[in-house]
Protein chains: 2
Amino acid sequence: MVDERVMGDPRSGRPAPDAAASVRDESLPDVLSTNAPHPAVDIRAILFTVADGALLVALGEHDPGWGLPRGEPSPLDTLDVAARRIVREGTGLQEQYLEQLYTLSVRDAPDWTIIVGYMALVCSGQAPPPPLAGLWHDVTALPQLSHADQMVIDYALVRLRAKLGYTNIAFHLLPQTFTLSELQGAYETILSRRLDKRNFRRRVIASGILFPTSEKRRDGSHRPAVLYRFRADDDHETYLTPPWAEGA
Amino acid sequence: MVDERVMGDPRSGRPAPDAAASVRDESLPDVLSTNAPHPAVDIRAILFTVADGALLVALGEHDPGWGLPRGEPSPLDTLDVAARRIVREGTGLQEQYLEQLYTLSVRDAPDWTIIVGYMALVCSGQAPPPPLAGLWHDVTALPQLSHADQMVIDYALVRLRAKLGYTNIAFHLLPQTFTLSELQGAYETILSRRLDKRNFRRRVIASGILFPTSEKRRDGSHRPAVLYRFRADDDHETYLTPPWAEGA
DNA sequence: GCAAAAGTGTTGTGTATACACCCATGG
DNA sequence: CCATGGGTGTATACACAACACTTTTGC
């Protein structure tokens, strides 16, 4: 079932001096009849969403079992555009955010494939079209997946969690208007950790990236919540934020 | 000269909704005789070093002008391993650090290529073997390069500068033992900004990632400097460091 | 003894955390 | 009137930035 041989680990930035050796010992040639053509290039996209307290991943039915949406790039498109197409085709959904993750080389039986991993986010509000029920799987209880798919998912999780801290990425998981509690809930779900309400609100308000609408939401026997909306701009602005900016 | 059409920008994490359209209008098919085979996959590596106050990039002579070291991956190797090989072959140097940057799809005349960008670092001490003089170019005064090469360089710079802040990446640019002033100099060169000596030393000492040797270096008519060495471990440990870790 | 880089502390300011109660509503 | 989530402020600890002088050596 897990038959792909995955090479390379996105998390390590070290030489890992003997990786070559350990790979070379494995089952021998097939593809590499020396003048083998180019490898296949395969895009795999992991689409996340958050729904009532769970972080969900979109999977499709594959050869045996489940797998991430995948597809080939086209010479006419950016990889990003191709990835977006693949997400749409594989899930019927239009993602709000897309980010390339990592590229790795996989040798599976006789085939050689370069896998380009992507992460996408959709807001929880978006109703999955009927034919695609059974699409969403809780990330904490996934079925058995290929090694490559699993790797993409693991890495996507690391990136997503890390980016919660220093970007506005979570916004793409929410509908246009939302309450602060909903936003906090998304953070908590992804980090699987509870956050302090007052600190959370202070930070997010102070950051200035969202502003209150005049509407409120009444959805229970309690005080209605103010609905907020994002400022369209600061988005990829707020991305890289190196510390020690000593001089002005 | 700059004839490659580069698609996709590593910095943007946004959908850029109409990228497809803008690309589609351009000069038409060639490669995409529909069942065109797979694209070529091309690794480009940018090798940085720091030498007396300048951040240097290794370039080789190419078709017309200069270019980054490049080469094809092999089915037997990790992309990382292939990139390391390409750095060695293209520069004669053994890098200390290697990191994948970004993958993009490029359509250049009739050819379609997937370019996987890599960044590598070597320590300044490493003497360039004679045949490869004229290898190093100051990053602030580079010759005309292909669009794709330029993109890899720009992005590598962003990543390198950002990572100075939250990782130990700079260590890989220095020889095994070095003075604190040398370390600070490397930071200043890369950031092109002066740093406060006392704050810098306090931080780097407090971080615990390096420890003093018993040797000193006398290299002028002034007080000799203590030589430091890195702790081999915390390296890829210190990588992703998400903020607001509220709970313990 | 002087030039030149190495080395060393304190203080203020901002940012993150911990923590508990009142408010508005529906039933 | 009560249960439910919405909303608010303060005190403390830590991290970062600004800043100037003494030490050791070679010549």
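Our structure is the block above this text.
Residues numbered from 1 in each chain as written. Chains lettered and ligands numbered in written order. Predicted model: local features only at pLDDT ≥ 70, side-chain atom pairs only at ≥ 80, totals over all residues. Heavy atoms only, no water.

Trainee: Teacher, can you tell me more about the protein's contact with DNA strand C here?
Mentor: In the neighbourhood of DNA strand C, 24 residues make up the surrounding shell, with Arg203(A), Ser221(A), Ser181(B), Lys197(B) and Arg201(B) lying closest. Put simply, 45% of the atoms of DNA strand C that lie within 4 Å of the protein are in sugar or phosphate. Contact distances for DNA strand C include 2.7 Å between a base nitrogen and a side-chain N or O atom of Lys197(B). Here a base oxygen of DNA strand C and a side-chain polar atom of Arg202(B) are 3.0 Å apart. Contributions of two or more residues to the surface near DNA strand C are made by helix H5 (197-206) of chain A together with helix H5 (197-206) and strand S12 (225-230) of chain B. Looking at the surface near DNA strand C, its residues break down into six nonpolar, seven polar and 11 charged. (Near = heavy atom within 4 Å. Polar contact = N/O pair within 3.5 Å; in protein donor to acceptor, adjacent residues only side chain to side chain. Helix = DSSP H or I, 4+ residues; strand = E, 2+ residues; numbered from the N terminus. Nonpolar A, V, L, I, M, F, W, Y, C, P; charged D, E, K, R; others polar.)

Trainee: Would you mind going over the sheet that holds strand S10 (residues 177-179) of chain B with me for this structure?
Mentor: Backbone hydrogen bonds hold the strands of a sheet together, and the pairing may be parallel or antiparallel. Residues and elements named next belong to chain B. The strand order across the open sheet formed by three strands is S10-S12-S11, and the pairing between neighbours is antiparallel. The open sheet terminates on both sides in strands that have one partner only, identified here as S10 and strand S11 (210-217). Averaged over all adjacent pairs, the angle separating strand axes in this sheet is 40 degrees, with direction ignored. Looking at chain direction, S10 and S12 are connected through three bridges and run antiparallel. (Pairing = 2+ DSSP bridges. Axes fitted to C-alpha atoms, helices over the stretch in contact; angles between N-to-C directions.)

Trainee: Looking at this structure, how should I read a positive patch on the surface?
Mentor: Judged by side-chain charge, Lys197(B), Arg198(B), Arg201(B) and Arg202(B) come together as a positively charged surface patch. Looking at the secondary structure, you find Arg198(B) in helix H5. (Patch = residues over 30% accessible without salt bridge, like charges linked within 9 Å, V, L, I, M, F, W, Y side chains within 5 Å. Areas by Shrake-Rupley, 256 points an atom, 1.4 Å probe, with all protein chains shown as cover. Salt bridge = Lys/Arg side-chain N within 4 Å of Asp/Glu carboxyl O. Lys, Arg positive; Asp, Glu negative; His and termini not counted. Charge placed at Lys NZ, Arg CZ, Asp CG, Glu CD.)

Trainee: Could you clarify how one ought to interpret the pattern of salt bridges in this entry?
Mentor: Side chains that carry opposite charge are capable of pairing whenever their charged atoms lie near each other. All names here are of chain A. Summed over the entire model, instances satisfying the criterion amount to 20 salt bridges over all chains. A salt bridge links arginine 85 to glutamate 89; its shortest N-O distance comes to 3.6 Å. One end of the pair is arginine 85 and the other is glutamate 89, both in helix H2 (residues 79-91) and four residues apart, which spans about a single turn. Two residues, arginine 159 and glutamate 99, come together in a salt bridge whose shortest N-O distance is 2.8 Å. Here the residue arginine 159 occupies a position in helix H3 (residues 147-166), and glutamate 99 occupies one in strand S7 (residues 97-108), the gap between them amounting to 60 residues. Taken individually, arginine 159 and glutamate 99 each receive the classification buried, so the pair is uniform in this respect. Here the salt bridges do not stand alone but share partners, grouping Asp42, Arg44, Arg70 and Asp149 into one network. (Buried < 20%, exposed > 50% of the residue type's maximum accessible area, 1.4 Å probe, protein only.)

Trainee: Help me out: how do you make sense of the nonpolar core in this one?
Mentor: Across soluble globular proteins, nonpolar side chains show a tendency to be buried alongside one another. Phe48(A) and Phe48(B) are the most contacted members of the largest nonpolar core, which has 128 residues in total. Residues lining this core come from more than one domain, with at least three contributed by each of domain 1 (5-164) and domain 2 (168-230) of chain B. (Core = buried A, V, L, I, M, F, W, Y, C linked by side-chain atoms within 4.5 Å. Domains from an automatic or database assignment.)

Trainee: Explain the environment of Trp66(A) here, please?
Mentor: All names here are of chain A. Locating tryptophan 66 in the fold gives a position in strand S5 (residues 66-67). Distance from tryptophan 66 to alanine 83, taken between C-alpha atoms, is 19 Å for residues 17 residues apart in sequence. Residues within four places of tryptophan 66 in sequence aside, it is in contact with Leu59, Gly60, Glu61, Gly134, His137, Pro143, Gln144 and Leu145. (Contact = heavy atoms within 4.5 Å.)

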